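Per-entry structural report
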Amino acid sequence: MIALLPDGLKLAYEEAGSGTPMLLVHGWPHDHTMWSGQLGGLATYARLLAPDLRGVGASTVRGPYTIDQYADDLIGFLDSLGIARAVVCGLSMGGYIAFAMLRRHRDRVRALVLADTRATADTDEARANRAKLIASIEQEGMTALAERQLPSMLASSTIERHPSLVDTVRRMMASVPPEGAIGALRAMAERPDSTPLLDTIDVPTLVVGGAEDTITTPDVLRRMAAVIPNSRVEILEQSGHLSPLERPAAFNHVVGEFLGALLYD
Ligand code: MLT
């Protein structure tokens, strides 16, 4: 389906289920299909909405690409569907966007699921790495980038045991338009530190991620959750950075429980 925003931007999205709206925000370089296990498995708990961010999938490929702009796009998306508040579930870059939604549109966030993400801004080293990734996309394109990113996205056990999932992730990453992928890298490099926000979060929050995630390690997740007042943390074994895809049943179990508890909150 396509949502048309007031500035003419089109956001493609997939929807499943009914009840409490839950926005599923993908990471980089991903698209909404990374949530296929949730669109299938969590639809009895919530009305799931999984958009492609600008520059990705069937959404408009057009800047400006900033984390704040992605957050504002998602508010425009909720507006277009007449949704006042949603549970926001963001993976990695999707988490950076969830923090921006909280900073800019706090009253629109019903609860938070922070998956495989971090609150801190980029270090100088991370920014330099992003510059290298931009150069490699410009020189070699997305197929080579997807191949290079795979080992950091998935747990080694996933790579060994689930070749078809590896192939799905490779194809998803390779299909992101280069302009959108580069725009997102610049957006992430420029994002502010969200650490000061953490102890002000006043909605129920679930922090979840893979035990073998090398990008946002369990330590990073535990430290983040320790500062968020009404939060809990779940670390999923045999999962890397893409926990909703690598361990869909386990991910859905903890998120389903979290959504169930919201009814009594
Ligand atoms: C992501 O999965 O969204 C990215 O790995 C996040 C990042 O590069 O900081």
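Each residue is numbered by its place in its chain's sequence as written, counting from 1. Note on the predicted model: pLDDT of at least 70 is required for a residue's local features to be given, and 80 or more for side-chain atom pairs to be given and counted; whole-chain, interface and lining totals, by contrast, use all residues. Only heavy atoms go into the side-chain values, all of them from the structure, while hydrogens and water stay out.

Focus: the side chain of Arg130
For clarity, the threshold we go by: Secondary structure elements follow DSSP: runs of H or I no shorter than four residues count as helices, runs of E no shorter than two count as strands, and numbering proceeds from the N terminus. Three labels apply to residues, based on accessible area from a 1.4 Å probe with only protein chains included: buried if under 20% of the type maximum, exposed if over 50%, partly exposed otherwise in between. Any two residues having at least one pair of non-hydrogen atoms within 4.5 Å are treated as being in contact.
You can see Arg130 is positioned in helix α4 (residues 124-140). Since its relative accessible area comes to 13%, Arg130 is described here as buried. When near neighbours in sequence (up to four residues on either side) are disregarded, Arg130 contacts Tyr96, Asp122, Leu185, Met188, Ala189 and Arg191.

Points about the pairing of strand β8 (residues 231-236)
Note the following rule: Strand pairing requires that DSSP identify at least two bridges connecting the strands.
Here strand β7 (residues 205-210) pairs with β8 via 6 bridges, running parallel. The residue of β8 that forms the bridge with Gly209 is Ile235.

Examining the pattern of salt bridges
Test applied: Each salt bridge in this description consists of a side-chain nitrogen of Lys or Arg and a carboxyl oxygen of Asp or Glu lying within 4 Å of one another.
Counted by the stated rule, this structure contains 16 salt bridges. Of the charged contacts, one joins Arg106 and Asp202 as a salt bridge, the two residues approaching to 3.3 Å between their closest N and O atoms. Pair noted here: Arg106 is in the loop between α3 (93-104) and β6 (109-115) and Asp202 is in the loop between α9 (195-198) and β7, with a separation of 96 residues, a long-range link. The salt bridge involving Arg232 is made with Glu257; its shortest N-O contact spans 3.3 Å.

Side note on the site of the ligand
Selection criterion: The rule for a residue being near a molecule or strand is that one of its heavy atoms must lie within 4 Å of it. Whenever a nitrogen or oxygen atom comes within 3.5 Å of another N or O atom, the pair is scored as a polar contact, on the condition that within protein one atom can donate a hydrogen and the other can accept it, and that pairs from neighbouring residues in sequence are kept only if both atoms are in side chains. When residues are sorted by character, Ala, Val, Leu, Ile, Met, Phe, Trp, Tyr, Cys and Pro go into the nonpolar class, Asp, Glu, Lys and Arg into the charged class, and all the rest, Gly among them, into the polar class.
Taken together, the residues surrounding the ligand are Gly27, Trp28, His30, Ser92, Met93, Tyr96, Arg130, Met188, Ile215 and His241. Arg130 has a polar side-chain atom sitting 2.8 Å from an oxygen atom of the ligand. Counted by class, the shell around the ligand contains 5 nonpolar, 4 polar and 1 charged residues.

Some words on the nonpolar core
As a reminder, the rule being used: Take the buried residues of types Ala, Val, Leu, Ile, Met, Phe, Trp, Tyr and Cys, join any two whose side-chain atoms come within 4.5 Å, and each joined set is a nonpolar core.
If you look at the biggest cluster of nonpolar residues, it comprises 55 residues, and the most contacted ones within it are Trp28, Met93, Ile97 and Met101. The dominant element in this core, judged by the number of residues it contributes, is α3, at 8 residues. Counting 37 residues, the second largest nonpolar core, distinct from the first, contains Ala146, Ala250, Phe258 and Leu262.

Observations concerning the environment of His105
By the secondary structure assignment, His105 is in the loop between α3 and β6. Sequence separation between His105 and Pro21 is 84 residues, and the spatial gap between their C-alpha atoms is 16 Å. Contacts of His105, omitting those with residues within four sequence positions, involve Asp72, Ile75 and Ala100.

Topic: the sheet that holds β7
Using the following cut-off: Interaxial angles span 0 to 180 degrees and are taken between N-to-C directions of axes, which are lines fitted to C-alpha atoms, for helices over the stretch in contact.
Read from one edge of the open sheet, 8 strands run β1-β2-β4-β3-β5-β6-β7-β8, paired in mixed fashion. Either end of the sheet is taken by a strand with one partner, and the two such strands are β1 (2-4) and β8. On average, each strand axis in the sheet is inclined to that of its neighbour by 25 degrees, with strand direction left out of account. Alignment of strand β3 (residues 21-25) against strand β4 (residues 47-51), held across 3 bridges, turns out to be parallel. Pairing of Pro21 across the sheet is with Arg47, part of β4. Running at roughly 145 degrees to strand β5 (residues 86-91), α3 makes contact with β3, β5 and β6 of the sheet.

Some thoughts on α4
Note the following rule: By this rule, a helix spans an expected 1.5 Å times one less than how many residues it contains. Of all possible arcs, the one meant is that of the directions from the helix axis to the C-beta atoms.
With 17 residues, α4 should cover 24 Å at 1.5 Å per step; its first-to-last C-alpha distance of 24 Å lies within 8% of that length. Among the residues making up α4, those that are buried are Arg130, Leu133, Ile134, Ser136 and Ile137. Down the axis of α4, the buried side of the element spans an arc of 165 degrees, and every buried residue falls inside it. In α4, the exposed positions that point more than 90 degrees away from the buried face belong to Asp124, Glu125, Lys132, Glu138 and Gln139.

Structural measurements only, silent on function.
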